[in-house]
Amino acid sequence: MSNPISASLEATDQQGALGTEGTGKPRSLGRDAWEDLRRRPLFLVSAVLITIFMLMAIVPQLFTRKDPRECDLLRSRQPPSSEAWFGYDSLGCDVYANTIYGARSSIAVGLITTVLVALIGSSLGTMAGFFGGRTDSILSRTADIFFGIPFLLGALLVLITFPSEPDTPAWQTIMKVVVALTVLGWPTFLRLMRSSVIQVRSSDFVMAARSLGAPPRRLIRKHVVPNSLSPVIAVATISLGGYIVAEAALSFLGIGLQPPVISWGSQISEAVPWLRVAPHMLFFPAIFLSFCVLSFMMLGDAVKDALDPKLR
Amino acid sequence: MSMRGRGLAFGAVLTAAALTLTACGGDSDDTAADPAGGTVNIFGSQPQNPLVPVLTNETGGGNVIDNLFTRLVDYNPETAAPELAMAESIEPSEGNTLWTIKLKPGWKFHDGTPVTAESFVKAWNDGANCNTGALNQYFFGPDGVNIKGYDAVAGTYDAEGNLDCAGIEPDAGMEGLKVVDDTTFTAELAGPVSIFATIVGYSAFAPMPEIYFTDRPAFEAKPIGNGPYQFVSAKANESIVVTEYPDYQGEKKAQVKDINYKIYQTPDAAYVDLLANNLDVIDTMPATALAGDRWKTELGDRSILKPVGVFQSVTFPLYVEEFDNPELRKAISMAIDRESVISVAFNNTRTPADGWVPPVIEGYQPGACGEACTFDAAKAKQMFDDAGGFDGTLTIAYNADGGHKEWVDATCVSIKNALDVECQGKAYPTFAELRNDVTEDKMTGIFRTGWQMDYPSMQNFLAPLYATDAGSNDGGYSNPAFDTLLRDAAGQTPEEAIASYQQATQLLAEDMPVIPLWYGALTAGWSENIETPVFTPFGRVDWTSLKLKG
């Protein structure tokens, strides 16, 4: 059974490859990956979901006309109805509007943290891997120290040292969580990038460039980094989902995002005591959180597979 | 509360005859012939300190101490009115500054030694003495019965809040206390206190046996009192067992032989045990049982919701200029829909406050706060705008460790909707941190306050909270007319005093330094093993009502 199918797949692959060769354009790793990605259903599904979530984060007004902060105690904990699809929470605020508006801070935390962590981690990792020796020792040991701090403990420490007040601007509250996650997250990327750079550093094309007299800066920029980035990109996409979960966990504990910032984590935290009476308060933000994290994880998985030539 | 009218009827002169009358109205059905038997298990919590009355101000130890010691007066389990217990009479001089206490003869401690006037005087001196470091020390001083000579033994607090006992002998006593004979002693006060006889019912005023003074470790290992129950054993974080004291001289009799205070890690575990009839009494329902009225469904008529002497409020920092406007404060009070907040945050287990003194207290006036405590969004908005409104965000500060977030958020929603002003809760991680900022006058917005009564008197809900510079006057309220009324009341008969206190309450209604929110309520339940117990306005189960079925 399996033989004919794989044979036909190989056939189409070859055809595709032949077709591009025909145009005379050389194909980079990135382009290869993209060609591969757009044919993966996993990627397509996650891309659609992520687009929806991103829209939600940027223009929540597209999805709801209600103000999430318009509450009325008389509607407290009413179940879903035609008037409010997701029902009302304890304070009588619309759960649907709150869930939609919650996307922004959750995704913002995930995105900004991922970008920062990947930037810091991979640039330090490049230096450690490329220069080796003392630079490597110092950077790697520093990373080990941060790696040794338990995640939750470290984040608690940062967030309790810089508590948010009710009149703290929303972006500050968000940035505090981002900083807490970044401080503890970058060593992963340092390690990843370092090992990837060490691998690339000794390959023939780098040797060739070096023997032609290319300065280290050019070597790093033109040869080493482009060829060692793919694992970082894959892991970053996957960990984006992880950071959204971490934010939710911290907000659930009451130290992450604080009101008036709306987030899925704090919504879930507020709903827990009423689980028996009003399960809808917990259900909807939890579903959104799960789907958002799932779609980023799926995307990361697809990207990882696409970037790995061995799996192609 | 139809019995409220009877309360302090014994007035200035307490006599044994008056007591007999009240005792007949009690719920014990005089089944003294029936020997008490069996064990009742009560939900307890680990005492913070050894079982010494002056060292105990939390309920874990307090509930046990209540049964181990009988004071001069008892509080009626229904009305909280004081009734003579160990005292035969407590009589004031003209002006309430010298009180003569006569004890009933023949009482003994659990170790057989007699209870004499000396037992009381020594115990009170010990409690007031700085070296004892008693949590309940202040009951003997100006915030309590104000015994003459208290200042000389009480010590002083340094800048960091540490008690400094320099130059005070450990056995130094107060000059106001004098033993007349074995069963009589007098207490001379530094100023008039009309409710002396009410205050001395608090557990800090218990008599102490000789062994407490001579062999403290032995006493702490096996506390000895004069109450209806004697100590049997205690296992840390597990249980405290007491058994009926056969030689008890009081008129009330125990109806059950042993009481076992079972200690649980969480109230939820206790609740599960109650459902299984392994535990007989719970006096505080866990939040999970209250949610959706689960406790009422599961326990049915074995549950009770009863008002107790707890007053919850939010206080204005009057030292902040924006809040220095009574009309604005009244407008904010009027903007709070108390009923809805209670329904949202407390499953209707609180009573909306209509004044500054709870209904269980003699002298409570319904509607003392007037329309300012009645929700009216339109009128509140009108008053708020007339008073100049408020720029920026109103904040309500609370301690995050006490389960206050829900009601603070709900209150804010109510204020915001009515007044169209931003309102936000402001969490302090712990109660201690909140209180630090409060006592140092560092608050910038409204903050939560609460008061649990020490003894059933209007005085206890007014003097410590609103008198100028009083110990718990958190907002910095000061009104000379209010102070004068309280001072007058201290020298008056209880009836006159109540009138003065009610007048003083009217001043609070005009000034609104503190917004009354709601009165506390007890949420208790019991097992199928016992007869319906009685819960006191202090939120405790009345020991005389504990009885096994059948």
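Residues numbered from 1 in each chain as written. Chains lettered and ligands numbered in written order. Predicted model: local features only at pLDDT ≥ 70, side-chain atom pairs only at ≥ 80, totals over all residues. Heavy atoms only, no water.

A. Geometry of the overall build of chain B. The secondary structure content of chain B amounts to 18 helices and 19 strands. Taking 24 Å as the expected radius of gyration for a compact globule of 550 residues, we find that chain B reaches 24 Å, a close match to that expectation. Taken along its principal axes, the extent of the C-alpha atoms in chain B is 70 × 55 × 45 Å. With 550 residues in all, chain B has 57% of them scored as buried. In chain B, the proportion of contacts linking residues at least 24 apart, taken out of those at least 6 apart, comes to 71%. One way to put it: in chain B the 36 positive side-chain charges average out to a point 5 Å from where the 75 negative ones average out. (Helix = DSSP H or I, 4+ residues; strand = E, 2+ residues; numbered from the N terminus. Rg over C-alpha atoms; globule rule 2.2 N^0.38 Å. Buried < 20%, exposed > 50% of the residue type's maximum accessible area, 1.4 Å probe, protein only. Contact = heavy atoms within 4.5 Å. Lys, Arg positive; Asp, Glu negative; His and termini not counted. Charge placed at Lys NZ, Arg CZ, Asp CG, Glu CD.)

B. Representation of helix α12 (residues 338-346) of chain B. Residues and elements named next belong to chain B. Taken across its 9 residues, α12 has 7 buried, putting it largely inside the fold. For α12, every residue scored as buried is listed here: Arg338, Ser340, Val341, Ile342, Val344, Ala345 and Phe346. Turning to α12, the residues buried within the fold contact α11 (326-334), β15 (351-352), α14 (405-419) and β19 (514-526).

C. How the structure looks around the state of the cysteines. Summed over all chains, the structure comprises 4 disulfides over all chains. At a sulfur-sulfur separation of 2.1 Å, the disulfide partner of A:Cys71 is A:Cys93. In this structure the cystine formed by A:Cys71 and A:Cys93 twists about its S-S bond by roughly 95°; its chirality is therefore right-handed. Of the two residues, A:Cys71 sits in the loop between α3 (41-58) and α4 (95-131) while A:Cys93 sits in the loop between α3 and α4, which places them 22 residues apart along the sequence. Neither residue differs from the other here; A:Cys71 and A:Cys93 are each classed as buried. Disulfide pairing is shown between B:Cys130 and B:Cys165; the S-S distance is 1.8 Å. Every disulfide takes its handedness from the sign of the S-S torsion; for B:Cys130 and B:Cys165 that torsion is -80°, giving left-handed. Of the two residues, B:Cys130 sits in the loop between α3 (117-128) and α4 (150-154) while B:Cys165 sits in the loop between β7 (163-164) and β8 (177-181), which places them 35 residues apart along the sequence. The connectivity of the disulfide bonds within chain B can be written as 1-2, 3-4, 5-6, using the sequence rank of each bonded cysteine. (Disulfide = S-S within 2.5 Å.)

D. Representation of the pairing of strand β18 (residues 446-452) of chain B within the structure. All names here are of chain B. With 5 of 7 residues buried, β18 lies mostly within the body of the structure. Pairing analysis gives 6 bridges linking strand β14 (residues 303-315) to β18, with the strands arranged antiparallel. Opposite threonine 315, over in β18, you have phenylalanine 447 as the bridge partner. Where strand β16 (residues 394-399) lies against β18, 2 bridges are found, and the strand directions are parallel. The residue of β18 that forms the bridge with alanine 397 is phenylalanine 447. (Pairing = 2+ DSSP bridges.)

E. Looking closely at a nonpolar patch on the surface. Residues and elements named next belong to chain A. Taken together, the side chains of Leu111, Ile112, Val115, Leu116, Leu119 and Ile120 present a nonpolar region at the surface, about 430 Å² in accessible area. Locating leucine 119 in the fold gives a position in helix α4. With relative accessibility at 52%, the residue leucine 119 sits in the exposed group. (Patch = residues over 30% accessible without salt bridge, like charges linked within 9 Å, V, L, I, M, F, W, Y side chains within 5 Å. Areas by Shrake-Rupley, 256 points an atom, 1.4 Å probe, with all protein chains shown as cover. Salt bridge = Lys/Arg side-chain N within 4 Å of Asp/Glu carboxyl O.)

F. Geometry of the environment of A:Phe146. All names here are of chain A. Within the secondary structure layout, phenylalanine 146 lies in helix α5 (residues 133-148). Note on phenylalanine 146: relative accessible area 26%, which makes it partly exposed. For the pair phenylalanine 146 and proline 187, spaced 41 residues apart in sequence, the C-alpha to C-alpha distance is 6.9 Å. Setting aside its immediate chain neighbours within four residues, phenylalanine 146 contacts Val183, Leu184, Trp186 and Pro187.

G. Representation of the packing of aromatic side chains. All names here are of chain A. Taken as a whole, this structure holds 39 aromatic pairs over all chains when the rule is applied. Aromatic side chains tryptophan 264 and phenylalanine 288 sit 6.4 Å apart centroid to centroid with 65° between the ring planes, which places their arrangement in the edge-to-face category. One end of the pair, tryptophan 264, is in helix α11 (residues 264-271); the other, phenylalanine 288, is in helix α12 (residues 280-307), and 24 residues separate them in sequence. Neither residue differs from the other here; tryptophan 264 and phenylalanine 288 are each classed as buried. (Phe/Tyr/Trp six-rings, centres within 6.5 Å; stacked < 30°, edge-to-face > 60°.)

H. Just the interface of chain B and chain A, in detail. Listed by partner, the interface residues are 21 residues for chain B and 18 residues for chain A. For the pair chain B and chain A, the summed buried surface comes to about 1,500 Å²; carbon and sulfur atoms form 61% of the total. Remark: the boundary between chain B and chain A carries 1 salt bridge. Residue A:Glu270 is joined to B:Lys405 by a salt bridge in which the shortest nitrogen-to-oxygen separation is 3.2 Å. (Buried area = accessible area lost by both parts, 1.4 Å probe.)

I. Main features of the confidence of the model for chain A. For chain A, the mean per-residue pLDDT works out to 83, and 89% of the residues sit at or above 70. Counting interchain partners and residues more than four positions distant, the pLDDT-below-50 stretch residues 1-22 of chain A has 3 contacts. (pLDDT = per-residue confidence, 0-100.)

J. Structural detail: the sheet that holds strand β5 (residues 98-103) of chain B. Residues and elements named next belong to chain B. The strand order β4-β5-β9-β8 describes an open sheet built from 4 strands, whose pairing is antiparallel. Lying at the two open borders of the sheet, with one neighbouring strand each, are β4 (87-92) and β8. Shown here is a sheet whose adjacent strand axes are inclined to one another by a mean of 20°, direction ignored. Across 4 bridges, the pairing between β8 and strand β9 (residues 184-188) is antiparallel. The residue of β9 that forms the bridge with valine 179 is phenylalanine 185. (Axes fitted to C-alpha atoms, helices over the stretch in contact; angles between N-to-C directions.)

K. Molecular detail of a negative patch on the surface. Residue and element names in this part refer to chain B. Taken together, the side chains of Glu321, Glu322, Asp324 and Asp391 make up a negatively charged region of the molecular surface. Checked against the element boundaries, glutamate 322 lands in the loop between β14 and α11. Assessed through its relative accessible area of 47%, glutamate 322 is described here as partly exposed.

L. Main features of the packing of helix α7 (residues 170-201) of chain A against helix α9 (residues 216-228) of chain A. Residues and elements named next belong to chain A. Where α7 meets α9, the axes come as close as 9 Å, and the angle between the chain directions of the two elements is 125°. As far as their axial angle goes, α9 and α7 are oblique. The element α7 and its partner α9 pack so that their crossing is right-handed. On α9, the residues that touch Met193, Ser196, Val197 and Val200 of α7 are His223, Val224, Val225, Asn227 and Ser228. Residues belonging to the contact of α7 with α9 are distributed by class as follows: 5 nonpolar, 4 polar and no charged. (Parallel < 35°, antiparallel > 145°, perpendicular 65-115°, else oblique. Left-handed = near helix turned anticlockwise from the far one by under 90°. Nonpolar A, V, L, I, M, F, W, Y, C, P; charged D, E, K, R; others polar.)

M. Structural detail: the side chain of B:Asn136. Residue and element names in this part refer to chain B. Looking at where asparagine 136 falls in the secondary structure, it is placed in the loop between α3 and α4. Its relative accessible area of 0% is what places asparagine 136 among the buried residues. With residues near it in sequence (within four places) discarded, asparagine 136 still touches Pro53, Val54, Leu55, Thr56, Asn57, Tyr202 and Ala204.

N. Looking closely at the pattern of salt bridges. As enumerated under the stated definition, the model contains 28 salt bridges over all chains in all. Salt-bridge contacts for B:Lys252 lead to B:Asp74; the nearest nitrogen and oxygen are separated by 3.7 Å. You can see B:Lys252 sitting in the loop between β11 (239-244) and β12 (258-263) and its partner B:Asp74 sitting in strand β2 (residues 73-75), a full 178 residues away along the chain. Between B:Lys442 and B:Glu440 there is a salt bridge, and its shortest N-O distance comes to 3.0 Å. B:Glu440 sits in the partly exposed class, given a relative accessible area of 47%. A network of salt bridges, in which partner residues are shared, links A:Arg31, A:Glu35 and A:Arg39.

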